[in-house]
Structures are given as structure tokens and as C-alpha cells.
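In case you want the letters, here they are:
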Amino acid sequence: MSSTAIVWFRRDLRLHDHPSLHRALHEHDRVVPVFVLDPALLHGRYRSGPRTAFMLGCLGELDAALRERGSGLVVREGTPAAELATLARECAAGAVLWASDAGPYARARDAAVTGALRAAGVEPVPQPGNFVADIGRIRTAGGKPYTVYSPFRRAWEQAERRVVHRAPAGLPALPSGLRKGSLPSLDALGLADDVPEPVCPPGEAAAREEAGRWLDGDLERYGRRHDTLQGGTSTLSPAVRWGLLSVRELEERARRHTGDGPREFLAQLCWRDFYAHVLLHHPDDVRCEHQERYRGLQWGGTEEMLEAWQQGRTGYPAVDAGMRQLSRTGWMHNRARLIAGSFLTKDLHRDWREGELWFARKLLDGEPLQNNGNWQWVASVGVDPAPYFQRLFNPTLQARKFDPDGAYIRAWVPELRAVPTERIHEPWTMTPAEQEAAGCRIGDDYPAPIVDHAHERRVAIERYREAAA
């Protein structure tokens, strides 16, 4: 007697190394791939027009890849628990498989789906697939979850790894008469895409091509270049966030290389698993500071300062370059994220959650697990044990170190392109004659600094000291 399984795609929009798809094909005669457009995600706290536009592009590419193999992507819109139970009835499916996740909403949603499927007599089958290792099983010697990266990294290195699967050459056809559904337009979802130049194209094929170039080329230099603001990183994070690439496969391929570059790249994959591990075991972190002593931290600044930060008009070139890169491409260099994040929380004294929400709105790679972990890190309120005063980044010194010739600044802040290199990091120090020669009048063409870093650093130290006391 033939059996049917549903494979519920979420943020694993690929066919290569897809454990749920592999198992479904191995254990069932027919497989129905589905994606459920969840209104709680599309219009919830972390809603994003640019990221949804990228997701729709990825789903279109996934549907095409499935059709090439004889199948197709079924699309439903609504509450996943109800939609999956209904679809299971329509195609007489005995099981639904999906890749388990770690965020609070994902876990609550999956619990609701599990309950609805069991009530309908359908087997729920969560699988691995979103992380390098099984983040739920990694524990200290005392059986507790980790809250410090370094010991987690040591345990992570020793953790068991699953097998990497190839993409299927062919797939069984969808059941005859099944309503396939179609992908809506962004307008139909009531969202707008305000990122004009996305950092990368959507879809698995483009992601795998770029990953191949990266692994066989720039990976070798990653160790010495990953903090360099102009270039140096893989820009694979949107593909990783949407599961166009399997992080387990990326790890396996990176380990075939030796040297500082592969080691540093593997460390970034470990950080990704670490932040997921933290939020899995500390779900309140999604709204609260991990360190309870800082939950009374007094945030301040003005709305005008927040708006200047969002627009890249703070008067600090490295901060503004990063924020403008974000608005134009939906992506920002990691070092620039740290500089911009520190400036918002330590110089402008704005709540880190405001930065987290802005990044969630703009980033194509935005997701609660990583966005939350990184913002708590840079705000010195998360799991990182380093004292707060080690995270008071001086935006000018950071720029001099990681963009010494000003190439990154000139790429994203065109008003400063003609500013001499010796002035590019502090353009407000230009004389009137130098401003005239550069075609950049401070206060008119480009803003003067909206705060004084040295002063705000002292204010931040006092604020953190008071909160901790």
C-alpha cells in the first residue's frame, strides 16, 4: 500500500542536503513539498518587506527546481497547524516532516502543529537540518547548556555530525487533483521592498555557485581579511539564513581546506550554532537582557538621533557607511554591524531592541537567533562575559583600523569621496579651504557629528556602572 508524506519547507529552501526530504523519499512512495505563508511571521514583530521579497524569489526558484524533477511546491497561506492538517487530509498523508528550529515562536508554532497533526492521526516528524550540530544535545559536563562561547566551541567540535545528502535526481509527481496554489506578489501581502540593490540573488542555484567561488578562492584569505570593511567576507549569510545552503555541508567543504581562513570561517558557523543554542535554552532573551543586572539599564537619546542613525546621517563616516550599505543592499559587513551597534547603544544610549528591530526590517539575513545574540553582545547585556567597557567601540579608531584608506566609506558615502585620506575618518576636522576643495561642506553636504564620542563614552560607563550596582 502506497504512503504519502508532506515535507514542510520553512527556512531550508533547498534540495541539496535536506534531511527531511531525504527521509521522506526513502520511507514514502509520494512526497508533497509545501510552504505555508504564516501571517504571524509576515506581519509580526520582525516583518520585513525586503526579506519577504527575497524569500518569495527563493520560493519561486525552489518551485522551479522541484518541477524540473517532476514535482512542484504547494503553497498555502494561514496558520501552519490548520493548513498542514488540512493538506494532510487532502492528500491522505501519514506524516509531515520538517527541520526543527530553536526560536521561541518556532517552537510554539511547532508544538501547535504537532498537536494538530496527532489529533488528525498524522505523524509529526521533526528532523535536523538548520544547524551544523545538534544544538539541543550539546551540554556541559554537569548537563547544563552553555552560556560562554569558548567552552561551547570545544564541545561543538566534538559533537556528532549527521551525513550530508545529495539532491534527489527525480521526485514523485504531486497527487492528481491537489490544489497547488501560487506565490502571491509582495503587494498582495501588503509589504514593500525598499532595498534597491539586494546583495545577492535569491535561490539555491545562485547560492551554490557563489559558495563554490568562495570556498575555492577567498576562503584562504578570510583569516586576515574578514574584519576588513571593504570586502573580506563571504556575503553568504542571506543564503545561510534561508537555507539555500546547508551549514552542515558548508562545514564539511570548509574542513577540506587548511589554514587560518577555514578556521575563522568555521568559528563563524560555530557562533551561529551557539546563539541558537542560547536562545533555545533562554527564550526570554528574545525580549529581555540575558544579564539580569542590566534589565534596569536606563536608555535615553532622542528620536532625532535614532532617525539619524537609521538614515546614516550621524556625522561618523564608518557608522553612516554601514547604515547606508544596509539600506541599499539589505546586508552589512559584520565589522560595520559592530561599529553601528556600539554607536547606537553606547554613544546614542538608545535601546538595543530598537537596533534589533531596524536590522530585522532591513536585513535579508535577519533572523531572531542571530540578530538577538549579536545585538545583546554589542550592547554588553548578553551571554558574553567581557566587561561592558571592552565594547565601547570608538567609531573613528575602528574605521582607521579596518578601512585605513577610506575605500568602504567612499563607496557608501558619496559626499566624502573627494575628502583626503588623512581627513576621511574625521571630516569635521577639515579646514574651510579643504572642505571647498573636497566639495563637502560639513553641516551642509555632510553632517557634523551628532554627539561627541569621548563624552558619550564616559556617560555610557556611568550608566552601566549604575545599572550593575
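See above for the structure.
Along each chain, residues carry numbers from 1 onward, in the same order as the chain's sequence is written. The predicted nature of this model means local features are confined to residues of pLDDT at least 70 and side-chain atom pairs, given and counted, to a pLDDT of 80 or more, with totals for whole chains, interfaces and linings taken over all residues. Each side-chain value is worked out from all heavy atoms of the structure, with water and hydrogens disregarded.

### Regarding the overall build of the protein chain
Runs of H or I in DSSP of at least four residues are treated as helices and runs of E of at least two as strands, each being numbered from the N terminus. Regarding its fold elements, the protein chain presents 20 helices and five strands. The C-alpha atoms of the protein chain give 24 Å as radius of gyration, which agrees with the globular expectation for 469 residues (23 Å, within 12%). Each of the three principal axes of the protein chain carries a C-alpha extent, and together these read 85 × 50 × 45 Å. Partly exposed residues are those whose accessible area sits between 20% and 50% of the maximum for their type, while under 20% is buried and over 50% is exposed, using a 1.4 Å probe and protein chains only. The buried share among the 469 residues of the protein chain stands at 56%. Restricting to contacts in the protein chain with at least 6 residues of sequence separation, those with at least 24 account for 81%. For the accessible areas, the method is Shrake-Rupley and the probe is 1.4 Å, while residue cover comes only from the protein chains on display. About 19,800 Å² of surface is accessible on the protein chain, with carbon and sulfur atoms providing 49% of the total. In this charge count, Lys and Arg are treated as positive and Asp and Glu as negative; neither His nor the chain ends contribute. By convention, the charge on Lys lies at NZ, on Arg at CZ, on Asp at CG and on Glu at CD. Charge separation in the protein chain, taken as the distance between the mean sites of 61 positive and 62 negative side-chain charges, equals 4 Å. The reference for a compact globule is 2.2 Å times residues^0.38; the radius of gyration itself is calculated from the C-alpha atoms. Between two residues, a contact is recorded if the distance between any of their heavy atoms is within 4.5 Å.

### Examining the packing of helix H7 (residues 204–216) against helix H10 (residues 247–254)
Two quantities define a packed helix pair, namely the angle between the axes and the distance from one axis to the other. For helices, the fitted axis covers only the stretch in contact; all axes are lines through C-alpha atoms, and the angles between them, taken along N-to-C directions, range from 0 to 180 degrees. With their axes 11 Å apart at the nearest point, H7 and H10 run at an angle of 25 degrees to one another. Classified by the angle between their axes, H7 and H10 sit roughly parallel to one another. Taken as a pair, H7 and H10 cross one another with a handedness that is right-handed. Contact with H7, carried on its side by Arg-208, Ala-211, Gly-212 and Leu-215, involves Glu-249, Leu-250, Arg-253 and Ala-254 of H10 and no other residues of that element. When describing relative orientation, an angle under 35 degrees is termed roughly parallel and one over 145 degrees roughly antiparallel, while 65 to 115 degrees is termed roughly perpendicular and anything else oblique. Two helices that cross are described as forming a left-handed crossing if the nearer one is turned anticlockwise from the farther one by less than a right angle, and a right-handed crossing if clockwise.

### Digging into the pattern of salt bridges
In the sections that follow, a salt bridge refers to a side-chain nitrogen of Lys or Arg positioned within 4 Å of a carboxyl oxygen of Asp or Glu. Taken as a whole and judged by the stated rule, the model has 39 salt bridges. The closest approach of N and O atoms between Asp-227 and Arg-335, which form a salt bridge, is 3.2 Å. With Asp-227 in the loop between helix H8 (222–225) and helix H9 (237–241) and Arg-335 in helix H14 (residues 334–347), the pair connects residues that are 108 residues apart, well separated along the chain. Among the ionic pairs, Arg-465 bridges to Glu-462, the shortest N-O distance being 3.0 Å. One end of the pair, Arg-465, and the other, Glu-462, are both in helix H20 (residues 453–468), three residues apart, so they sit about a helical turn from each other. When its relative accessible area of 44% is taken as the criterion, Arg-465 is described as partly exposed. When salt bridges with common partners are traced through the structure, they connect Arg-153, Glu-157, Arg-161, Arg-248, Glu-251, Glu-252, Arg-255 and Arg-256 into a single cluster.

### Section: the pairing of strand E1 (residues 4–9)
Burial of E1 is extensive: six of the six residues sit out of reach of the surface. A two-sided burial pattern is seen for E1, the buried positions comprising Thr-4, Ile-6 and Trp-8 on one face and Ala-5, Val-7 and Phe-9 on the other. By the bridge criterion, six bridges tie E1 to strand E2 (residues 30–37) in an arrangement that is parallel. From the neighbouring strand, Phe-9 faces E2, where its bridge partner is Phe-35. The handedness rule is simple: strands pointing away from the viewer, and a clockwise path from the first strand over the helix to the second, make the crossover right-handed. The parallel pair E1 and E2 is bridged by helix H1 (residues 19–27), and the resulting crossover is right-handed. Two strands make a pair as long as DSSP finds a minimum of two bridges between them.

### Looking at the packing of H14 against H20
The interhelical angle for the contact between H14 and H20, taken along N-to-C directions, is 70 degrees, at an axis separation of 9 Å. Taken together, the axes of H14 and H20 lie roughly perpendicular to each other. Facing Thr-345, Lys-346 and Asp-347 of H14, the residues of H20 in contact are His-453, Glu-456, Ala-460, Arg-463 and Tyr-464.

### Details of the side chain of Glu-356
Looking at where Glu-356 falls in the secondary structure, it is placed in helix H15 (residues 352–362). Leave out the neighbours within four places in its chain, and Glu-356 touches Arg-45, Tyr-46, Val-286, Asn-371, Asn-372 and Trp-375.

### Notes on the packing of aromatic side chains
We describe a pair of aromatic rings using the distance from one ring centre to the other and the angle between the two ring planes. Pairing of aromatic rings covers Phe, Tyr and Trp, the last through its six-membered ring, and needs centres within 6.5 Å; plane angles under 30 degrees mean stacked, over 60 mean edge-to-face, and all others mean tilted. The tally for this structure, following the rule as stated, stands at 19 aromatic pairs. Summarising the aromatic geometry, the rings of Tyr-294 and Tyr-464 are spaced 5.4 Å apart at their centres and angled 70 degrees between planes, so their arrangement reads as edge-to-face. Of this pair, Tyr-294 sits in the loop between helix H11 (260–281) and helix H12 (303–311) while Tyr-464 sits in helix H20, and the two are 170 residues apart along the sequence. Tyr-294 gets classed as buried once you look at its relative accessible area, which sits at 2%. One aromatic cluster is present, formed by Tyr-146, Tyr-149, Phe-152, Trp-271, Phe-274 and Tyr-275 through successive ring pairs.

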